[in-house]
Every structure is written in structure tokens, then in C-alpha cells.
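Results of the structural survey
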Amino acid sequence: MQNTKQIPEPSKWEPKKYVYSKSSYAEIFKVLQSLRKDEIFCDIKLETDDGTIIYGHKVVLASACQYFHAMFTNFEEKDQDLVAMRQLDSSALQLLVNFIYSGKILVTEKNVQVLLSASNLLQLQEVKDACCDFLKSQLCPKNCIDINALADLYNCTELLTSSELYIQQHFSEVVEGDEFLSLSSEQVFKLISSDGLKVPSEENVFECVIRWVKHDLGSRKCILPQLMEHVRLPLTSKNYILTKVVKEPLINNCLKCKDYVIEALHFHLLNNSDDLIPFTQISRIKSRQYSGFDKVIFVVGGIGISANSSTEWYDPKINRWQIGPKMITPRRSVGLAVVKNNSVFAVGGFYNNSLHCSVDVLDLSSESPCWKPTIDMSVKRGLLGVGVIDNCVYAVGGFDGESCLNSVEVFDSVTQKWRMVSSMSTRRSSVGIGVLNNLLYAVGGYSGYSEHRLNCVECYHPSIDRWTPIAKMSVCRSAVGVGVLDGVMYAVGGYDGIEVHSSVEAYRPSTGDWTNIADMHLCRQNAGVVAFDGLLYVVGGSDGTSTLDSVEFYNPDTNTWTMVTATMNIARTFLGAVAIDRPRHFKI
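Only a predicted model underlies this, so the values are computations on that prediction, with no experimental measurement involved. (Residues numbered from 1 in each chain as written. Predicted model: local features only at pLDDT ≥ 70, side-chain atom pairs only at ≥ 80, totals over all residues. Heavy atoms only, no water.)

The next subject is the pairing of strand E21 (residues 481–485). E21 sits mainly inside the fold: four of its five residues count as buried. Two elements, E21 and strand E22 (residues 488–492), share five bridges in a ladder whose sense is antiparallel. Residue pairing for E22: Leu-485 is matched across the bridge by Val-488. Following E21, the chain reverses through two residues before pairing antiparallel with E22; Asp-486 in that reversal takes a positive phi of roughly 50°. (Buried < 20%, exposed > 50% of the residue type's maximum accessible area, 1.4 Å probe, protein only. Helix = DSSP H or I, 4+ residues; strand = E, 2+ residues; numbered from the N terminus. Pairing = 2+ DSSP bridges.)

Take the confidence of the model for the chain next. Summarising the model, the chain shows a mean pLDDT of 88, and 90% of its residues fall at 70 or more. Every residue in residues 271–277 is under pLDDT 50, and counting partners more than four places away or in other chains gives three contacts. (pLDDT = per-residue confidence, 0-100. Contact = heavy atoms within 4.5 Å.)

Two measures describe an aromatic ring pair: the distance that separates the ring centres and the angle between the ring planes. Enumeration according to the criterion identifies 16 aromatic pairs in this entry. Their ring planes at 85° and their centres at 5.7 Å tell us that Tyr-67 and Phe-68 sit as a pair that is edge-to-face. With a relative accessible area of 23%, Tyr-67 lands in the partly exposed category. Of the residues examined, Phe-68 reaches a relative accessible area of 0% and is grouped as buried. Both rings, one in Tyr-554 and one in Trp-561, keep their centres 5.2 Å apart while their planes meet at 45°; by these two values the pair is tilted. Relative accessible area serves as the criterion here: at 7%, Trp-561 is assigned to the buried category. (Phe/Tyr/Trp six-rings, centres within 6.5 Å; stacked < 30°, edge-to-face > 60°.)

For helix H17 (residues 255–269), spanning 15 residues, the distance from its first C-alpha to its last is 21 Å, which sits close to the expected 21 Å at 1.5 Å a residue. The complete set of buried residues in H17 reads Cys-257, Tyr-260, Val-261, Glu-263, Ala-264 and Phe-267. Seen along its axis, H17 keeps its buried residues to an arc of 155°; they face one direction. Of the exposed residues in H17, those oriented more than 90 degrees away from the buried face are Leu-255, Ile-262 and Leu-269. (Expected span 1.5 Å × (residues − 1). Arc of directions from axis to C-beta.)

In C-alpha cells form, the structure reads like this:
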């Protein structure tokens, strides 16, 4: 019997498509690697200076490596089946060819230098970056100068910056090694003139200069005066100058160096600030700015696809985000605060649909910092605001699972207890908190009703335990970010019940008014805001549609916003963000 069924014709108005994607590329490359090892279908042989022959397929090498692509398409090697690979280590080339076929490579102390050289030549940036990451993880006082030289030789910008910072921060240990003695005069000039040099005293700088000069006295003696110009001799003690410096033969035999000694002694003889005025423009009397640790931006928790317990930190000097210590419990809408520059408090927040009254703390001074639980708040709070005054942590407003709160409690780090203080005049969740002149400001927020996104602001005076209203913002802002920079408080972005804002307002206590400043590049709500090194950083948040991993900063001198090229490892909204001193375990 004839089958009379027919396949329906596609609709002319609704064309159908079916796209199939193959996902087994790894299997294909395994086969290609096997063919290469068995020398099957190979159409190229790479010969190194030691006579090693490495087989391959031109199409595979060219597809993964720009160097080979150019070689096999534009140069005479395209018609050859044997190519001499001059000045390439055979073991490194073998590893790199294996990487092209497998996507894996093992970097070790023994091969990192030849791999860095070879990957730089072959323009395999992924391997070059892997070598730099490995070298960065291996930085120590004995090898940092050599690593810095490698970074400079192969134009590894991030590694160069990291190694320079490491040398500055470990100066006293670095100058004890023989590597220091091999530095050029330009490198020594650059090092000892740095304001960021971490050094117990200028005596260390003077002694390392003398040691470096004496290592090759014949050629280096003549540049001692230029070096002494960068030694901040007035900052050493008068006794050290008289007992050590003036008795050093190299100083006694140099007229210009004697001038620096006289200048330092004259400085010590001055008794009042008027006498010091002629010295104020001399760099040698200015203290170095290294304050123990560099600042970094620390970001905690939040929500992307789901609430998470991860943390990460950003170093603007190398423009990079790196992973930090994982929290005990995932938290979003968490309040974050820093106490005594060494303790980060994660206060309240949500995990899934559960509210926290718990508080975790990260002790940054610990040898191995990890999050630990501390004293719970008396009230469960999510979408709260947190601020610190006199090492006391204030938890302000928020949501307790049923209603928006106007209550406020404070944790005293001395007594290790929470206590309630006066309530705000307005219930506020998704509230922004700023601390300015030892006063606590509650900015905007949400009072619990759909139309009640707030533009009102109130100020808490701890000395009299009282809240007072101040000027209102020009627009309503819940989920607003607040930061304080150079005596000015900024209200950043937020949601007015209809749209997410990119606008920003600034409040100056001297005028008592809010003024509009330049808009951000992106609309943001529930973002982290951090005042940092004269700039105001805004981290992550949501634009109303997507969770953001981007960062931008505001420069008050130019009234402009700039996007940071490095994005967070995880897109986050409802996050906490603060500036902290880089702990010792936060490696560059």
C-alpha cells in the first residue's frame, strides 16, 4: 500500500530552523595530537639549534598562533616542510607545540624563563601570561630583582609593576642580597627616590647606597653625589649623622656630599616652624609616604545568579581583581564596615530567603585571615546601612522580613556588645549611610510602600543620641550608594520606583545643600561605593535589567567619570565594598 503521508511544507511566513552545534572539540584535538605524535599527515618539521625535530600540521599551528600564521601564509616558509627555529630552546618549543594541540602547559621554576622567552617570540599571550602569574607568585627578596629584569626584557607590564612594588615594600631585605649590587645606577636612582619605599629609617637607604658604590668603587664613586641627593639624610638622627655619616671616607672625600651633611645638621639645629620654611621645598626633608600597606578595594558577597560567599579585592596600581577569603555564609544585602583598619565586619543580610542577625568578622592582621562569627545583632536586618564612628559599628534601618525598620543599634568594639540607640524619624530599607565629621547620615531608602522611595536625609549626632533632618535630595533614591570623599558626601545612582539612575548628587555641610554633579556612565542601584586615593569608586550593582561586573570612578577635580578596564571576577549586586590596607597574605 502506498504511503500517502507527506512532510508538511514549511510556512512561507514562519521559516523554521534547527541549528546543531558540535561540542567535542577536545576530542578532535586529541586525535590531532595523536596524529602529530605518529607523524601522520604532518606537513611541517620545526628544527631547533640543537637538532631537535618537532613535527606538526601547518593548519593547526597557524590557527592557534599568529607567529606561525604569518610564517605559513606570508613568508617563504609557506612552501617548505622543514623550518629552522633559531634561538629557541627545544624543550620550550616542544611544550608550546603541545600546548597548541592540548590547551595545557606546566610552568615550573626550571622552565619558566625559557617558556617566557619562547612564548614572547611566538606571540602566545596566554602562555606568556601564565609565566608572569607564576613568577608573580614566586616573588621573594632573593629573586625579585631578577624577575623585575625579566619583566622589563619581555615587556610584561603587570609583572613589572608587581615586582617594582615588591622591591619597594621589601626594601630592607632586598638590599641585603647580591642582586641589589648588580643594579644599574638608573635603577638605584629610581628605587631610592621613591616616596613609596618601605624602609624603617633613612639610615638603611644611606647604608645601601654606600654598599652599592663600594661594590664597584672605580666606576661608581663618581655618581655618589647624585645618589646622595635622593637619600633623605635630614630624617636620620643627629647622632647617626655625627657618628656614622661624617666618618664615612667616601663622604669625607666628596665636597658635594659634605654639603648634604651640612644641610642635614642645619635642619636638626632649627627650633621653630618659621626657620623650616626655606626647607619646605626640599624633597630630602619629606617623609616617605609608605604607611604600612597599600590600600585596596575589598568586595564581599552580593548576588549574581544567587547569593554567594565569595570575596575579591582590587588593586588600582596593577588594575587587577583577585580572589579573597571566602565567607562563612553566603550573604546579599550585607552591611560592610572596617574597624581599627584591621577588622572587616559583615553585618546582617540575606541568604536565600533567610534574614541574618549574625555578624562575621575578618581579622586582617592575622597571619592567615579567615572569617569568624562574632556577636549577633539584636534584630535581623537585611537591606540595612552600616557606618563606623570612633570604632563603633552602627547598623541602621533595613528590613526584618515583615517591615522596613527605623531602629538603629551600635556595636562597641571595646565592650563587644550591641545596644539600641535612638530610632530614625523614617523607616528606611535599602538605605545609604555616610559618615562625615563624626556624624552619621541616613540617605534615601525605601519606607515600605511602592510610592515611598525616599529623597529625605537625616543625620545622627552620637553625642546627644538624636536624629535631625537635613536638606532633601533632588530625586528619590532607594538602593542608593553613598561615599564620603574630602569632606563631601555623594549619593550615587539608586532607584526611584520607576527607573534606575545614573545621576549623582553631592552634599557639603558648609552649604547644607545637595548639588548635581556629572552622571555615571551606567545606571546603578545596590552598588558598592568606596572613597579611595582621592577618587570615588562605584562597584557593580544592577542597571535594572542586568547584574554588573563593571567599575567606574569619579574624579572631583575634573567632575568626570572613568570606566575601569578591569572587571570583577563575578558580577555582583547587593554587595558590600570597603577600602582596606592590603594584608600580608593579599599578594600582588
